[in-house]
Amino acid sequence: MASEKNVLLVDVGNTLIKACRMSEMDKEPAVHTTHRAFVASLEALKVTHVYLGSVRDDAVANYIGAHCEQAGLGFKEIVTEKETFGITNAYANVDTMGVDRWLGIMAAQGMTKKDSFCVMDVGTAITVDFVSKGQHLGGWIAPGFHSMRTGLIESTKKVFGDDTMPDTLTAGNTTQSGVAQGCLAATQGIYRSAIAYLNSKQTPFDVIIGGGDKKLFAFPESNGSIPVANLVVQGLARYAKRDLFA
Ligand SMILES: Nc1ncnc2c1ncn2[C@@H]1O[C@H](COP(=O)(O)OP(=O)(O)OP(=O)(O)O)[C@@H](O)[C@H]1O
Ligand SMILES: CC(C)(CO)[C@@H](O)C(=O)NCCC(=O)O
Ligand SMILES: [K+]
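Named according to an unreviewed UniProt entry, the protein chain is Type III pantothenate kinase originating from Alteromonas salexigens. Per UniProt, the comment on the protein chain under Subunit (unreviewed entry) is "Homodimer."

Structure (structure tokens):
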């Protein structure tokens, strides 16, 4: 019989690998940048099962899976599916949709009682996915704050930036502050556009927000949205629950 403290949920993201025990999903996850560093940390954890979702090259998940197998651990990589937990994917080719988005949808569905919702993951990229009555409608993929700023600076001659990430929107009066404020405005525009899109469907909805940079969405109009520490981890927990604890 598995125990929640021995099940490790692993989010292999674009920038970071985050891992936490199923019994500690409210705590800060352990963070690694490489799969080798993650694997090196594994033995000391004494877990029995590893559930993983990855948006990196297949080689990364395969490497972790092979190591788990060698160590006698149960290993399961979750991939994007056509239909799970009553939700149907909008992609014709589901293999091409990032599993972090799919897991975010599964996490969000577990957190709302409403028929319609959107889930936003604010990290390296910002993704938004819309769901109504069990049907995934599709979504958006946009650059995250840092990618946006870096892309802008790299494609211009006289525009430069700094490392600040503003928390309130004002008008910038230097190049750096103009860039930071412009990227914040663009980011918040994604939120506002998502609300407008859902409003056009004229049905009550929830907005679920996760990701390392979700504080970019902590502006007054976003009051009432549901914050989630890590959508991928929460989504993985639903699969682990179904497989091990049902
Ligand atoms: N320890 C950390 N190292 C790097 N970035 C961090 C850290 N803590 C918070 N952040 C912030 O989190 C952001 C990354 O968010 P997140 O972790 O959701 O992205 P990610 O690893 O790319 O995963 P995803 O694939 O879900 O986008 C960074 O842009 C940064 O601002
Ligand atoms: C969009 C990202 C980078 C967000 O992390 C990830 O979900 C991904 O690599 N997706 C593949 C493309 C797609 O989802 O259509
Ligand atoms: K790419």
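There is more to say, and it comes next.
J.: What's the story with the side chain of R149 in this structure? I'm lost.
T.: Positionally, R149 belongs in helix α4 (residues 145-154). Given a relative accessible area of 6%, R149 falls into the buried group. A polar contact of 2.6 Å, which involves the side chain of R149, links it to the backbone oxygen of T164. Dropping the residues within four chain positions of it, R149 is found in contact with D162, D163, T164, V179, A180 and C183.

J.: So what exactly am I meant to see when it comes to the site of ligand 2 here?
T.: Residues in contact with ligand 2, as listed here, are N14, Y91, T96, M97, G98, D100, R101, A125, T127 and I141. Here an oxygen atom of ligand 2 sits 2.5 Å away from a polar atom, N or O, in the side chain of D100. Within the side chain of R101, a nitrogen or oxygen atom sits 2.8 Å from an oxygen atom of ligand 2. Protein chains bury 75% of the 380 Å² of accessible surface belonging to ligand 2 in isolation. Here the shell around ligand 2 spans two domains, since at least three of its residues come from each of domain 1 (1-111 + 229-246) and domain 2 (114-227).

J.: What exactly am I supposed to notice about the domain arrangement of the protein chain here?
T.: It is common to give the size of an interface as the accessible area that goes away when the parts come together. The assigned domain composition of the protein chain is domain 1 (1-111 + 229-246) and domain 2 (114-227). Just the C-alpha atoms count here: the centres of domain 1 and domain 2 sit 25 Å apart. Tallying the contact residues gives 17 residues for domain 1 and 23 residues for domain 2. A buried area of about 1500 Å², summed over both sides, lies between domain 1 and domain 2, and 62% of it is on carbon and sulfur atoms. It is R101, I105 and L231 in domain 1 that bury the most area against domain 2; as a group they hold 36% of the surface buried on that side. One can count one salt bridge joining domain 1 with domain 2. Its salt-bridge partner being R101, residue D129 comes within 2.7 Å of it at the nearest N-O pair. Where domain 1 meets domain 2, there are seven residue pairs in polar contact (both at pLDDT 80 or more). At the level of elements, β7 (87-88) and α3 (99-109) are the ones that each hand at least two residues to the side of domain 1 that touches domain 2. The dominant element in the side of domain 1 that touches domain 2, judged by the number of residues it contributes, is α3, at five residues.

Rules used in this analysis
Residues numbered from 1 in each chain as written. Chains lettered and ligands numbered in written order. Predicted model: local features only at pLDDT ≥ 70, side-chain atom pairs only at ≥ 80, totals over all residues. Heavy atoms only, no water. UniProt positions renumbered as here; feature names shortened; annotations may be inferred. Helix = DSSP H or I, 4+ residues; strand = E, 2+ residues; numbered from the N terminus. Buried < 20%, exposed > 50% of the residue type's maximum accessible area, 1.4 Å probe, protein only. Polar contact = N/O pair within 3.5 Å; in protein donor to acceptor, adjacent residues only side chain to side chain. Contact = heavy atoms within 4.5 Å. Near = heavy atom within 4 Å. Areas by Shrake-Rupley, 256 points an atom, 1.4 Å probe, with all protein chains shown as cover. Domains from an automatic or database assignment. Buried area = accessible area lost by both parts, 1.4 Å probe. Salt bridge = Lys/Arg side-chain N within 4 Å of Asp/Glu carboxyl O.

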